[in-house]
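Next come the chains, spelled out residue by residue.
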Amino acid sequence: MIPFPFDYVRPASVAEAIAALGEHGDEAKILAGGHSLLPLMKLRLAAPGVIVDLGRVGELRGVRDDGDMLAIGAMTTHAAVVDDPLVRQHCGILSQTAALVGDPQVRHRGTIGGSLAHGDAAGDLPAVALAVGAELVAEGPAGRRTIPASDFFIDYLSTALGEDEVLVEVRMPKLGPGWGYHYEKFNRVAQAWAVVGACALVRRENGGIAEARVGLTNMGTVPVRAGTTEQALAGASADSGAIAEAAAHAAEGTDPPTDLSAHADYRRHLAQVLTRRALEAAASR
Ligand SMILES: Cc1cc2nc3c(=O)[nH]c(=O)nc-3n(C[C@H](O)[C@H](O)[C@H](O)COP(=O)(O)OP(=O)(O)OC[C@H]3O[C@@H](n4cnc5c(N)ncnc54)[C@H](O)[C@@H]3O)c2cc1C
């Protein structure tokens, strides 16, 4: 449980952080809340030569109203996201889900940017970012670029971020009043990682469902959308029969892992059950 030796730099701005990444190349690794990186370093599964600690980069913290989007600084902690009035008002699904991440210590140190940049398919927030249609803003030596969540998660613990880039902002579209939402998480013990999670967003119109979006956690190497379920619900009635029928397709096209927590078949079953529950809650919200 003792990491390999490493050097440590603590930039005061994004520009300084990018310069440090450029100076040290693939030796360098960004440190945000440390709640995923430090365990990997202690197990010696990660051995960066230089740690670039974003802890003092104040410009990366906080939530800003930006028209039809919320702009959330990458270093905003899960706890701050949970409590933020703008997030609660305009993107309640993020607030609800962030409250289910780990325990209070994890939520007070871990950050939204770290969760997404880490790219762990078992993390709760990637599925939410995917379902909501978030945009991730990366800054590097060539300036800023915006990456849709659908293009961001490449493979297990692998994202579209370059080695010389910092994730600076997570942009979440505001969900209008017609949207209901719910994140349903199944874990083996309280406050643990999801065995499977389902994020449901439902837009109601004239008593029926106009549009539904479902993001799934831990059903592959990256978060995935339950496309067949979503298609089945477009224009469907909002009764429990229609929802159950659509949710039965939730695992289609997924490739869940078998590990110590669950067999892949059990995960497929969970995906259907959790999607049904999440959709029912979202449709009645
Ligand atoms: C006991 C425990 C329980 C947990 N339970 C859950 C859970 O139930 N659900 C869940 O979703 N998560 C859980 N987590 C993980 C937690 O959410 C972490 O906060 C998160 O995965 C990583 O965020 P971090 O800020 O700690 O990032 P770090 O650990 O500091 O960094 C993680 C990775 O992202 C990179 N990175 C971080 N920030 C940036 C950035 N701005 N730009 C570019 N790269 C960056 C780092 O270089 C590193 O590779 C748990 C963690 C622990 C220790």
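In what follows, the structure referred to is the one given above.
Residues numbered from 1 in each chain as written. Predicted model: local features only at pLDDT ≥ 70, side-chain atom pairs only at ≥ 80, totals over all residues. Heavy atoms only, no water.

Draft legend 1. The arrangement of the pattern of salt bridges in detail. Within this structure, the stated rule accounts for 15 salt bridges. With its nearest N and O atoms 3.4 Å apart, the salt bridge here joins arginine 171 to glutamate 169. Here glutamate 169 falls in the buried class, since its relative accessible area comes to 11%. A salt bridge links aspartate 265 to arginine 268; the nearest nitrogen and oxygen atoms lie 2.6 Å apart. Here aspartate 265 and its partner arginine 268 are both found in helix α12 (residues 264-283), three residues apart, which amounts to about one turn of the helix. With relative accessibility at 48%, the residue aspartate 265 sits in the partly exposed group. (Salt bridge = Lys/Arg side-chain N within 4 Å of Asp/Glu carboxyl O. Buried < 20%, exposed > 50% of the residue type's maximum accessible area, 1.4 Å probe, protein only. Helix = DSSP H or I, 4+ residues; strand = E, 2+ residues; numbered from the N terminus.)

Draft legend 2. Up close: the side chain of threonine 159. You can see threonine 159 is positioned in strand β9 (residues 158-159). The buried category is assigned to threonine 159, whose relative accessible area is 15%. Polar side-chain contacts of threonine 159 include one of 3.2 Å to the backbone nitrogen of leucine 161. Sequence-distant contacts of threonine 159, defined by excluding residues within four places in its chain, comprise Leu116, Ala117, Gly119, Phe152 and Ile154. (Polar contact = N/O pair within 3.5 Å; in protein donor to acceptor, adjacent residues only side chain to side chain. Contact = heavy atoms within 4.5 Å.)

Draft legend 3. The arrangement of the site of the ligand in detail. The environment of the ligand is formed by 29 residues, the closest being Ile30, Ser36, Leu37, Thr111 and Asp124. Between the ligand and alanine 32, the relevant distance is 2.8 Å, taken from an oxygen atom to a main-chain nitrogen or oxygen of the residue. A distance of 3.4 Å separates an oxygen atom of the ligand from a polar side-chain atom of serine 115. Notes on the ligand: free accessible area 970 Å², of which the protein chains cover 89%. Structurally, the ligand is housed in the largest pocket. Of all the elements in the fold, those that place two or more residues in the shell around the ligand are β2 (28-31), α7 (112-118) and β10 (166-173). Counting residues per element, the shell around the ligand draws most heavily on α7, which supplies four residues. In terms of residue class, the shell around the ligand is made up of 14 nonpolar, 12 polar and three charged. (Near = heavy atom within 4 Å. Areas by Shrake-Rupley, 256 points an atom, 1.4 Å probe, with all protein chains shown as cover. 1 Å grid on protein atoms, 1.4 Å probe; cavity = no way out; pocket = protein on both sides within 12 Å on 5 of 7 lines; lining within 4 Å. Sits in = over half its atoms within 2 Å of the grid points. Nonpolar A, V, L, I, M, F, W, Y, C, P; charged D, E, K, R; others polar.)

Draft legend 4. Expanded view of unusual backbone geometry. Even without being a glycine, arginine 44 presents a positive backbone phi close to 60°. In this structure, arginine 44 sits in the loop between α2 (37-42) and β3 (50-53). The class of arginine 44 is partly exposed, set by a relative accessible area of 40%. Backbone geometry at asparagine 206 places phi at a positive 50°, although glycine is not the residue there. You can see asparagine 206 is positioned in the loop between β12 (196-205) and β13 (208-217).

Draft legend 5. Main features of the sheet that holds β13. Pairing is antiparallel across the open sheet formed by four strands, whose spatial order is β11-β12-β13-β14. Lying at the two open borders of the sheet, with one neighbouring strand each, are β11 (179-186) and β14 (224-225). As paired strands, β12 and β13 are joined by nine bridges and run antiparallel to one another. When the bridges of β13 are listed, valine 202 appears paired with alanine 212. On top of the sheet, helix α8 (residues 124-132) reaches β11, β12, β13 and β14; it is set at about 150° to β13, its chief contact. (Pairing = 2+ DSSP bridges. Axes fitted to C-alpha atoms, helices over the stretch in contact; angles between N-to-C directions.)

Draft legend 6. Region of the structure containing the environment of valine 106. Relative to the helices and strands, valine 106 resides in helix α6 (residues 104-109). As for valine 106 and glutamine 191, which are separated by 85 residues in sequence, their C-alpha atoms are 9.7 Å apart. Leave out the neighbours within four places in its chain, and valine 106 touches His35, His78 and Val101.

Draft legend 7. Structural detail: the layout of surface pockets. The calculated volume of the largest pocket comes to roughly 1,200 Å³. For the lining of the largest pocket, the secondary-structure elements that each account for two or more residues are β2, α2, α7, α8, β9 and β10. The space that makes up the second largest pocket amounts to roughly 450 Å³. The wall of the second largest pocket is formed by 25 residues, among which Asp120, Ala122, Tyr156, Trp193 and Asn218 lie closest to the centre. Residue composition of the lining of the second largest pocket, grouped by class: 13 nonpolar, eight polar and four charged. (Points joined across faces, edges and corners; volume = space filled by probe spheres on them.)

Draft legend 8. View of the pairing of β3. Residues Val50 and Val52 of β3 are buried on one face, and the alternating residues Ile51 and Asp53, pointing to the opposite face, are buried as well. In terms of strand pairing, strand β1 (residues 7-9) meets β3 through three bridges, oriented parallel. Bridging across to β3, aspartate 7 finds its partner in valine 50. In terms of handedness, the path from β2 via α2 over to β3 forms a crossover that is right-handed. (Right-handed = clockwise from strand over helix to strand, strands pointing away.)

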